Amino acid sequence: MEKISMRDAFFDELYKIAKKDKDVILISADMGAPSLDKYRADLKDQFINVGIAEQSMATLATGLALNGKKVYTYAIMTFVIARCWELIRCDFSLMKLPITSVGVGAGFSYDDSGPTHHSTDDITLSRVLPNMTIFNASDSAMAANLAELSYNNNNPCYVRLDRALQPLIYSEKDDYSTGINHLKKGKDITLIATGNMVHRAMEVAEKLSASGIETGVVDLFRIKPLNESVLKEILINSNKVATLEEHFLIGGLGSAVGEFILDSNLNTPLKRFGIKDKFYYAYGGRDNILSLCGLSIDTITKEITQWLGK
Amino acid sequence: MNPSINNIEEFQKKCQELREKVLQMCIKAGTGHVTSSFSCVEILAALYYTGILKYDPANPKWEDRDRFILSKGQASPLLYVLLADLGFCPKDSLNKFCCSDGLFGVHLQNDVPGVEMTAGSLGHGLGVGAGIALSSKMNNKSYKVFCVLGDGECYEGSIWESAMFVSHYNLTNLITIVDRNALCVTDYTEKIVHLDPLEEKFKSFGLNAISINGHSYDELMDTLDKAMNSDKPTIIIANTIKGKGIPFMENKPLWHGLAPQGEDAERAIKELTGKGE
């Protein structure tokens, strides 16, 4: 599993599901994947490529879903939601249809392709839609399971997959039903992260621990709906919390956690790490762009250390 | 037993009845797109009252029903009046149009029996119809899908994305009708951005495009029959008059989205029915 990309892990599982259920239809807006070659060959009646036409993809998915199909739409992440957002709003969300939008390219996955391909606002766009379930995979084992989770969800879903090969945190047998995983406990601060930043959070936790700061790490992979009872428990039992996301600060994970703290009348101090209100035309790879927006391991470690007054 | 009108006199009488009910409902509620509804009365009447559409009001989700997509969701008053008349929903639900205890409002919602798609935004219906038509073929079903678009709606790029798809997948079980009343909200379409030559545009996208008089019983029946037996997906450009039936409201941009009130309401009733209120 560690050598398989999230995308291939997801579609390998979806293939198995679709082979048993002829009502599973996958629509692509001219986006491929090695794992899709088999799907297209064996299940050609369950695969449609609409071309670079996301609005066509969304309305087609709606019609198919209204007629009992379980539909998946697939495109590069910046386009799968944003390009056809209004159609997703009025069709998938408003009519509560069992359609899962699958995007590849979370955060700066497409690094040197530039900001047109940086998916750093889609959590905001999808979170605001009623009835939407949002999953953000942190490794390929989880990504594989999201195929089943989304298949069994009768609401509109959004699955975010990273483009890069990420180290494995989970196994296929892990329980993903809670939407949140307390990976590591630490009494001084808890880092709540999602997607790619879960791995960064683990590295930051290691550095902080080396300086005597006991750091917990939480993987919040179901961004909507939040698992409020588990999250509340984590927040109540944390001295301080920092959220980490490879996403704009406006409306993303940190906003979701912050809103929850306020709405639940909690006192947990919160510091949010994410991308400030700016696009990045920068090259030299993902880590370089992350550094420029203040999300390098060293910068996060330093700011947290200062915040804790250590 | 569903109605099966087969002569022009009865058809025109039904259309008149539908117009009167739409007007009455919207005047009472003080809202509703009267003129948008009036331009497509003959189109919807042809589908629902002459035996073209297969449906069962007692079983709105009957699997083998024909599907009707009203993509120009602002004509919802007409569809609601028609569905109440046919027995899909209680007739007195029309008295509660836009009321707090009512079933429905200005635009279209798909939890009303007989309504396939929530609509109000524009540009969705052709693609949704394509999805239903495609799934029908996937399931080896023989029901048809009818979709009514507004002509202003054809400004939306999504319509053209879907038109390409419909043509490529040769969805002959999808029959689309454009209510070509040549008006948008603010002005006439040809003064805003040319939609014409609309028939040629759809033809160039690979569709079987035909222009007719959208208020003519004979032309509607003849063309719909040909469309249902065509070997290419058909789109009928039905030339209509926005607000047809109330001369002082006909073909006037300012009447978009409004229900006449006060003296205008009295005048509208008089012009439509030939009688006072």
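Please refer to the structure higher up on the page.
Just so we're clear, the structure is a prediction, and the values are computed from it rather than from any experiment. (Residues numbered from 1 in each chain as written. Chains lettered and ligands numbered in written order. Predicted model: local features only at pLDDT ≥ 70, side-chain atom pairs only at ≥ 80, totals over all residues. Heavy atoms only, no water.)

J.: Sorry if this is basic, but what is going on with the overall build of chain A here?
T.: Along the backbone of chain A there are twelve helices and twelve strands. For 310 residues, the compact-globule estimate of 2.2 N^0.38 gives 19 Å, and the C-alpha radius of gyration of chain A, at 19 Å, lies within 12% of that figure. Taken over the C-alpha atoms alone, chain A extends approximately 60 × 40 × 35 Å along its principal axes. A burial count over chain A gives 62% of its 310 residues as buried. In chain A, the share of contacts with a sequence separation of at least 24, taken over all contacts with a separation of at least 6, comes to 78%. When the accessible surface of chain A is summed, it comes to about 12100 Å², and 48% of that surface belongs to carbon and sulfur atoms. Of the side chains in chain A, 34 bear a positive and 38 a negative charge, and the two mean positions are spaced by 2 Å. (Helix = DSSP H or I, 4+ residues; strand = E, 2+ residues; numbered from the N terminus. Rg over C-alpha atoms; globule rule 2.2 N^0.38 Å. Buried < 20%, exposed > 50% of the residue type's maximum accessible area, 1.4 Å probe, protein only. Contact = heavy atoms within 4.5 Å. Areas by Shrake-Rupley, 256 points an atom, 1.4 Å probe, with all protein chains shown as cover. Lys, Arg positive; Asp, Glu negative; His and termini not counted. Charge placed at Lys NZ, Arg CZ, Asp CG, Glu CD.)

J.: Looking at this structure, how should I read helix H3 (residues 41–49) of chain B?
T.: Every α-helix carries 3.6 residues per turn, so stepping three or four residues along brings you back to the same face. All names here are of chain B. Burial runs high along H3: nine of the nine residues are buried. Val41, Glu42, Ile43, Leu44, Ala45, Ala46, Leu47, Tyr48 and Tyr49 are the residues of H3 that are buried. Phi for Gly51, located one or two positions after H3, is positive at around 90°.

J.: Looking at this model, I keep getting lost on the environment of Lys302(A). Mind explaining?
T.: All names here are of chain A. Tracing the sequence through the fold places Lys302 in helix H12 (residues 297–307). Among the residues examined, Lys302 registers a relative accessible area of 55% and is labelled exposed. Residues Lys302 and Leu208, 94 residues apart in the sequence, show an inter-C-alpha distance of 8.9 Å.

J.: It is not clear to me how the pairing of strand E4 (residues 99–104) of chain A should be interpreted in this structure. Could you clarify?
T.: Moving residue by residue along a regular strand, the side chains alternate between the two faces of the sheet. All names here are of chain A. Across the six residues of E4, six count as buried, placing the element largely inside the fold. Side chains of E4 alternate between two faces, with Ile99, Ser101 and Gly103 and Thr100, Val102 and Val104 buried alike. Pairing analysis gives six bridges linking strand E3 (residues 70–76) to E4, with the strands arranged parallel. In the sheet register, Val71 faces E4, and the bridge partner there is Ile99. As judged from the five bridges shared by E4 and strand E6 (residues 157–161), these two strands associate in the parallel manner. Following the sheet pairing, Gly103 is matched in E6 by Arg160. (Pairing = 2+ DSSP bridges.)

J.: Where do I start with the packing of helix H1 (residues 6–20) of chain A against helix H2 (residues 34–42) of chain A in this structure?
T.: Packed helices, taken two at a time, are described by their axes: the angle between them and the distance between them. All names here are of chain A. Interaxial distance between H1 and H2 falls to 8 Å at its minimum, and their mutual angle equals 20°. With respect to their mutual orientation, H1 and H2 come out roughly parallel. For the element pair H1 and H2, the recorded crossing hand is left-handed. On H2, the residues touching Arg7, Asp8, Phe11, Asp12, Leu14, Tyr15 and Ala18 of H1 are Pro34, Ser35, Leu36, Lys38, Tyr39 and Asp42. (Axes fitted to C-alpha atoms, helices over the stretch in contact; angles between N-to-C directions. Parallel < 35°, antiparallel > 145°, perpendicular 65-115°, else oblique. Left-handed = near helix turned anticlockwise from the far one by under 90°.)

J.: Would you explain the sheet that holds strand E5 (residues 133–136) of chain A in this entry?
T.: Residues and elements named next belong to chain A. In spatial order, the strands read E2-E1-E3-E4-E6-E5-E10; together these seven strands make up an open sheet with mixed pairing. Looking at the sheet topology across the chains shown, the edges are occupied by strand E2 (47–49) and strand E10 (222–224). Sheet twist, expressed as the mean angle between neighbouring strand axes with direction ignored, is 20°. Lying on the sheet, H2 is in contact with strand E1 (24–28), E2 and E3; it crosses E1 at an angle near 125°. Helix-sheet contacts for helix H3 (residues 54–66) involve E1, E2, E3 and E4, and the interaxial angle to E3 is about 170°.

J.: I would appreciate a short explanation of the pattern of salt bridges in the present structure.
T.: Between side chains of opposite charge, a pair can form when the charged atoms approach closely. All names here are of chain B. The final tally for this structure, using the stated rule, is 29 salt bridges over all chains. Two residues, Glu42 and Arg19, come together in a salt bridge whose shortest N-O distance is 2.9 Å. Note that Glu42 is positioned in helix H3 and Arg19 in helix H1 (residues 8–29), a separation of 23 residues in sequence. Exposure class is identical for Glu42 and Arg19. Each is buried. Note that Lys54 is salt-bridged to Asp66, the shortest N-O span being 3.5 Å. Of the two residues, Lys54 is situated in the loop between H3 and strand E1 (67–70) and Asp66 in the loop between H3 and E1; the sequence distance between them amounts to twelve residues. (Salt bridge = Lys/Arg side-chain N within 4 Å of Asp/Glu carboxyl O.)

J.: Please explain the environment of His182(A) as it appears in this structure.
T.: Residue and element names in this part refer to chain A. Relative to the helices and strands, His182 is located in strand E7 (residues 180–184). Take His182: its relative accessible area is 28%, and that puts it in the partly exposed class. With 142 residues separating them in the primary sequence, His182 and Arg40 have C-alpha atoms 38 Å apart. Once residues within four sequence positions are removed from consideration, His182 is found in contact with Thr190, Val217, Val218 and Ile234. In terms of polar contacts, His182 uses its side chain to reach the backbone carbonyl oxygen of Lys184, at 3.4 Å. (Polar contact = N/O pair within 3.5 Å; in protein donor to acceptor, adjacent residues only side chain to side chain.)

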